[in-house]
Amino acid sequence: MALWAAFFSRSVSGINMRVLAIDASLRNTGVAIVDLANGQPRALYFGTIHNRPSLRSSSCLVAIRDRLADLIREHKPDCCALESVIYVQSYKTAILLGAARGAAILAAAESGLPIFEYAPTRIKQATVGRGGAGKNQVAFMVRALLGLTETPAADAADALAIGLTHLRSEEAARQGIPGEKQI
């Protein structure tokens, strides 16, 4: 945690950035709005877009896109960050995850937001310090780093971790360290 505080305290004062962070999934999409104001990261919003099991996949995609569009209008983020494609054992799961990512990317792209993606191991490394960290460890560290009063649910915690990873990457890029590429 001290490393994060030291990193952000060196950031250029007066730099403000607001990130829409997404951990896409068909049934439980984690979403967060995090910002960096005067060197301090904070969570403005976090939660999960829950889609009932009885809802058709196509309806889930519309629900994800619509909720993200609402959050974009409400919070006016500067960019979007999401987890990159992960490797799964089932082709069916991979297709559904890809479709959910597509709905999320569409919502951000329709709003003209620059979109960045981060590998799951990089997110865990940036948040916990270990690329193989478990979901509980990520949630615990996100709570500590953002000074939250309660530990967020797993999907929301993952989205918060994605947002923090992007803020850190952008600060590093400002200091001359190459950052992530836009998609």
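Data block above holds the structure.
Parameters at a glance
Residues numbered from 1 in each chain as written. Predicted model: local features only at pLDDT ≥ 70, side-chain atom pairs only at ≥ 80, totals over all residues. Heavy atoms only, no water. Helix = DSSP H or I, 4+ residues; strand = E, 2+ residues; numbered from the N terminus. Expected span 1.5 Å × (residues − 1). Buried < 20%, exposed > 50% of the residue type's maximum accessible area, 1.4 Å probe, protein only. Arc of directions from axis to C-beta. Contact = heavy atoms within 4.5 Å. Polar contact = N/O pair within 3.5 Å; in protein donor to acceptor, adjacent residues only side chain to side chain. Core = buried A, V, L, I, M, F, W, Y, C linked by side-chain atoms within 4.5 Å. Axes fitted to C-alpha atoms, helices over the stretch in contact; angles between N-to-C directions. Parallel < 35°, antiparallel > 145°, perpendicular 65-115°, else oblique.

Here the focus is helix 3 (residues 91–110). Between the first and last C-alpha of helix 3 there are 28 Å, a value that for 20 residues agrees with the 28 Å anticipated at 1.5 Å per step. Considered for burial, the residues of helix 3 that qualify are Leu97, Ala100, Arg101, Ala103, Ala104, Ala107 and Ala108. With its buried residues spanning 150 degrees around the axis, helix 3 presents them on a single face. Pointing more than 90 degrees away from the buried face of helix 3 are the exposed residues Tyr91, Lys92 and Ile95. Packing partners of the buried residues in helix 3 comprise strand 1 (16–23), helix 2 (57–75), strand 4 (79–83) and strand 5 (115–118). The N-cap of helix 3, judged by a side-chain oxygen 3.2 Å from the amide nitrogen of Lys92 a few residues on, is Ser90. Phi turns positive, to about 80 degrees, at Gly112, one or two residues after helix 3.

What follows deals with the environment of Ile162. If you trace the backbone, Ile162 turns up in helix 6 (residues 154–174). The buried category is assigned to Ile162, whose relative accessible area is 1%. Once the C-alpha coordinates of Ile162 and Leu20 are considered, the two residues, 142 residues apart in sequence, prove to be 9.2 Å apart. Those residues in contact with Ile162 that lie beyond four places of it in its chain are Ala21, Ile22, Asp23, Ala81, Leu82, Glu83 and Ile123.

All right, on to the nonpolar core then. The biggest cluster of nonpolar side chains holds 23 residues, and the ones touching the most others in it are Val19, Val142, Leu146, Leu160 and Leu167. The element that contributes the greatest number of residues to this core is helix 6, accounting for six residues. Membership of the second largest hydrophobic core comes to 19 residues, among which are Leu68, Cys80, Ala104 and Ala108.

Look at helix 4 (residues 120–128) against helix 6: their axes get within 9 Å of each other, and the N-to-C directions meet at 80 degrees. Compared by their axis directions, helix 4 and helix 6 come out roughly perpendicular. Taken together, the residues of helix 6 that come into contact with helix 4 (itself represented by Arg122, Ile123, Ala126 and Thr127) are Ala161, Ile162, Thr165, Arg168 and Ser169.

Treat this as a map of the structure, not an account of what it does.
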